[in-house]
Each structure stands twice: as C-alpha cells, then as structure tokens.
Amino acid sequence: MSATIIDGKAIAEEVKSDVAAKVAQLKSKGVTPCLAVILVGENPASVSYVTGKRKALEEAGMMDKSVVLPENTTEEEVLDLIAKLNSDKFVHGILVQLPLPKHINEEKVIMAIDPSKDVDGFHPVNVGNLVIGKKSFLPCTPHGILVLLEKMNINTNGANAVVIGRSNIVGKPVALLLARREYNATVTICHTGTKNLAEITKQADILIAAVGKPNTVTAEMVKPGATVIDVGVNRIPDSTKKNGFRLCGDVDFESVKEVASYITPVPKGVGPMTIAMLIYNTLEACENLM
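The following refers to the structure shown. Fair warning: this is a prediction, and the values are worked out from it, not measured in the lab.

Criteria and cut-off values
- Residues numbered from 1 in each chain as written.
- Predicted model: local features only at pLDDT ≥ 70, side-chain atom pairs only at ≥ 80, totals over all residues.
- Heavy atoms only, no water.
- 1 Å grid on protein atoms, 1.4 Å probe; cavity = no way out; pocket = protein on both sides within 12 Å on 5 of 7 lines; lining within 4 Å.
- Points joined across faces, edges and corners; volume = space filled by probe spheres on them.
- Nonpolar A, V, L, I, M, F, W, Y, C, P; charged D, E, K, R; others polar.
- Core = buried A, V, L, I, M, F, W, Y, C linked by side-chain atoms within 4.5 Å.
- Buried < 20%, exposed > 50% of the residue type's maximum accessible area, 1.4 Å probe, protein only.
- Helix = DSSP H or I, 4+ residues; strand = E, 2+ residues; numbered from the N terminus.
- Contact = heavy atoms within 4.5 Å.
- Pairing = 2+ DSSP bridges.
- Patch = residues over 30% accessible without salt bridge, like charges linked within 9 Å, V, L, I, M, F, W, Y side chains within 5 Å.
- Areas by Shrake-Rupley, 256 points an atom, 1.4 Å probe, with all protein chains shown as cover.
- Salt bridge = Lys/Arg side-chain N within 4 Å of Asp/Glu carboxyl O.
- Polar contact = N/O pair within 3.5 Å; in protein donor to acceptor, adjacent residues only side chain to side chain.

Turning our attention to empty space enclosed by the protein. Under the criterion given, the structure shown has one cavity of 30 Å³ or more. Quantified by volume, the largest cavity comes out at close to 40 Å³. Residue lining of the largest cavity: L95, V96, I110, I113, D118, D120 and F122, and that is the complete set. Residue classes in the lining of the largest cavity are distributed as five nonpolar, no polar and two charged.

Structure representation (structure tokens):
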C-alpha cells in the first residue's frame with residue numbers, strides 16, 4: 001500500500017490562518033507585526049523565495065518593510081541598514097536572504113542582527129538557546145518539519161530518527177529539536193563521512209533527508225512503514241516542462257512511497273512550512289517586543 005502523502009501546503013495554510021487571526025487581534029489594539037527581508041542582488045532562487053515571503057506577509061496582514069539592494073552593495077552598507085532596522089521599534093523581525101554575494105561576509109551579517117529580531121533563528125544567541133533548550137526563535141524549516149509530524153500525529157517519543165545532512169540551517173537544528181524532551185527521539189546524524197549509510201537509514205522510524213542531491217534516498221534504504229521527510233529542492237532538466245526543468249527532492253519519491261507509511265512530496269511538502277513558520281516567528285517577535 002502506498003504511503004500517506006503529507007500535504008505541507010494544506011498544513012502551512014492552517015498555520016498561516018492561525019497567525020492571521022492573531023495578527024488581526026493585535027491590529028485592533030494598534031500593533032502591526034512587521035518584517036524586513038533584505039535581498040542583495042538578483043539570484044533567481046532568492047528572488048523567488050523573497051516574493052513568496054512577501055506574499056505571505058501580505059496575506060497575514062503584516063507590514064512588509066523589505067529592501068532589495070543591488071549586487072554591488074558593500075558589506076558596510078548592509079550592516080548600516082541592519083543597524084537602522086535593529087533600532088526601528090516598528091520593525092519586529094529582520095531576515096537577510098542567503099546566499100549573499102561573495103564580497104559580503106555572511107557570518108558578520110547574521111551576527112549584526114539583534115537576536116530578538118532574528119526570525120530566521122540563525123544568530124548564535126538563538127542557536128545556543130536551541131541547544132540548551134531555552135525559549136528562542138526556532139529555524140523555520142526544522143520547526144516546520146516538527147509541526148508536520150505533530151499535525152499528522154506521528155509519534156516521535158522513543159522513535160529512531162535519522163537525519164541525513166548536517167547543515168546549520170536544517171540538519172543540526174532538526175536533530176537537536178528531535179532530541180529535546182518534548183519530542184524524545186533517539187537521533188542519528190549522517191553525512192558525507194558516514195559509512196554504510198543504508199544500514200543506518202533502514203533503522204529509522206523517521207528519516208529526514210536534507211542533503212541537496214536528487215534521489216539520494218532510495219526504497220532499499222527505507223524501513224517499511226517509516227515516515228520520510230524530504231527537505232531537498234533540486235532542479236533537474238526536463239524537456240517536457242516549459243522552463244526546461246522540474247523540481248525534485250533528495251528522495252526517490254516514486255519508489256520510496258511504496259515502502260514508507262508517510263512521505264512529503266516535493267514541491268508542496270516541507271517548502272510551504274518554511275514560509276509559514278517565518279510568519280509565525282514574526283508574530284512571536286512582535287508579541288515579545290510589546
């Protein structure tokens with residue numbers, strides 16, 4: 001029997017609808033949550049992501065203070081802009097769209113954001129709070145994955161969870177979250193140095209693929225009945241499509257869905273949750289600063 005497909009788009013709409021209702025309440029008290037997204041340059045993928053974020057802000061009734069800067073903007077100019085946004089009491093969240101042009105130091109830029117406005121959850125203060133289990137902004141994609149599991153009533157307590165990938169954006173934080181007491185999973189992180197990957201992934205009750213390589217996870221790597229979360233978004237050539245490519249994940253969806261009990265598709269799986277959780281974090285930032 002084929003796996004149940006986890007509809008990330010529908011669950012994201014639920015989250016966004018809840019946020020919009022709370023935003024309406026705040027607005028009735030004269031407070032409007034506001035997010036500033038900074039985009040430097042015109043990387044097509046980044047432009048697309050920022051457009052999606054701005055649309056979600058509008059739908060939630062939030063204020064959009066996004067800034068689009070030319071590719072040749074200096075590091076100092078970006079840092080000056082962040083300093084202004086940090087001190088602007090009407091701006092509750094700041095997000096710098098990554099990757100930045102090569103002449104700008106990403107680490108310096110992330111460090112410059114006030115942790116109380118760091119709705120991406122990338123500042124070391126928020127990362128440190130995540131590690132020790134203190135309240136903080138959770139990175140949007142990992143948080144979105146946990147919400148998907150909760151909404152689908154997938155039990156994490158005592159589950160074997162395997163995360164393929166150790167990025168600071170997805171792999172490490174989702175592993176840390178799953179190991180927290182409230183989720184209580186036993187977590188293994190796999191990466192390029194992992195030997196006998198399939199032997200480890202076959203033990204997973206929950207398998208999260210975040211490697212950025214198409215079809216890394218195949219059916220023979222998956223334990224029958226496992227939950228498979230595919231974080232990858234890869235463009236592969238497809239002459240049948242108007243734009244010449246199609247999106248696929250890190251999981252061989254067609255074969256794995258015959259083995260797993262739950263699976264996220266690409267697109268419309270994890271992706272929509274990332275934006276939904278960003279809107280959620282912006283609301284939280286506003287409430288914290290009131």
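Anyway, onward from the coordinates.
Glancing now at the nonpolar core. Nonpolar side chains in soluble globular proteins generally cluster together in the buried interior. In this structure, M62, I145, L178, I208, I229 and M273 are the most contacted members of the largest nonpolar core, which totals 52 residues. Secondary structure elements with two or more residues in this core: helix 1 (8-28), strand 2 (34-40), helix 2 (44-60), helix 6 (140-151), strand 6 (160-164), helix 7 (171-179), strand 8 (206-209) and helix 10 (271-289). For this core, the leading source of residues is helix 10, giving nine residues. Ignoring anything within four residues of it in the chain, the contact list for M273 reads G8, I11, A12, V15, C140, G144, V147 and L148.

Time to look at the pairing of strand 8. Burial along strand 8 is two-sided: the face carrying I206 and I208 and the face carrying L207 and A209 are both buried. Two elements, strand 6 and strand 8, share four bridges in a ladder whose sense is parallel. Following the sheet pairing, A161 is matched in strand 8 by I206.

Turning our eyes to something else, we now look at the sheet that holds strand 8. An order of 1-12-9-8-6-7 is seen for the six strands of this open sheet, with the pairing classed as parallel. Of all strands in the sheet, those with a lone pairing partner are strand 1 (4-5) and strand 7 (186-190), marking the two edges.

So, about a nonpolar patch on the surface. Taken together, the side chains of V127, V131, I132 and L176 present a nonpolar region at the surface, about 330 Å² in accessible area. By residue number, the principal contributor to the nonpolar patch is helix 5 (residues 124-132), which donates three residues. Mapped onto the fold, V131 is located in helix 5.

With that out of the way, let us pick up the pattern of salt bridges. Taken as a whole and judged by the stated rule, the model has eleven salt bridges. The closest approach of N and O atoms between E59 and K16, which form a salt bridge, is 3.8 Å. In this pair, E59 sits in helix 2 while K16 sits in helix 1, placing the two residues 43 residues apart along the sequence. K108 serves as the salt-bridge partner of E75, at 3.0 Å between the closest nitrogen and oxygen. On the criterion of sequence distance, the pair formed by E75 in helix 3 (residues 75-87) and K108 in helix 4 (residues 106-112) is long-range, its members being 33 residues apart.

Here we come to the layout of surface pockets. Rolling a probe over the atoms, with the probe sized like a water molecule, indicates the empty space that remains. Taken as a whole, the largest pocket holds about 1,500 Å³ of empty space. Lining the largest pocket are 50 residues, and of these Y49, T141, V233, G271 and T274 sit closest to its centre. Per element, the largest residue contribution to the lining of the largest pocket is nine residues, and it comes from helix 2. Residues belonging to the lining of the largest pocket are distributed by class as follows: 26 nonpolar, 13 polar and eleven charged. In this model, the second largest pocket occupies a volume close to 410 Å³. Along its surface, the second largest pocket is lined by 16 residues, and I110, F122, V127, N168 and I169 are the ones closest to its centre. Sort the elements by how many residues they give to the lining of the second largest pocket and helix 4 lands first, with four residues.

What follows deals with the side chain of N126. You can see N126 is positioned in helix 5. Overall, the relative accessible area of 5% leaves N126 in the buried class. A polar side-chain atom of N126 sits 2.8 Å from a polar atom in the side chain of D118. What N126 contacts, discounting residues up to four positions off in sequence, is P115, D118, G121, S136 and F137.

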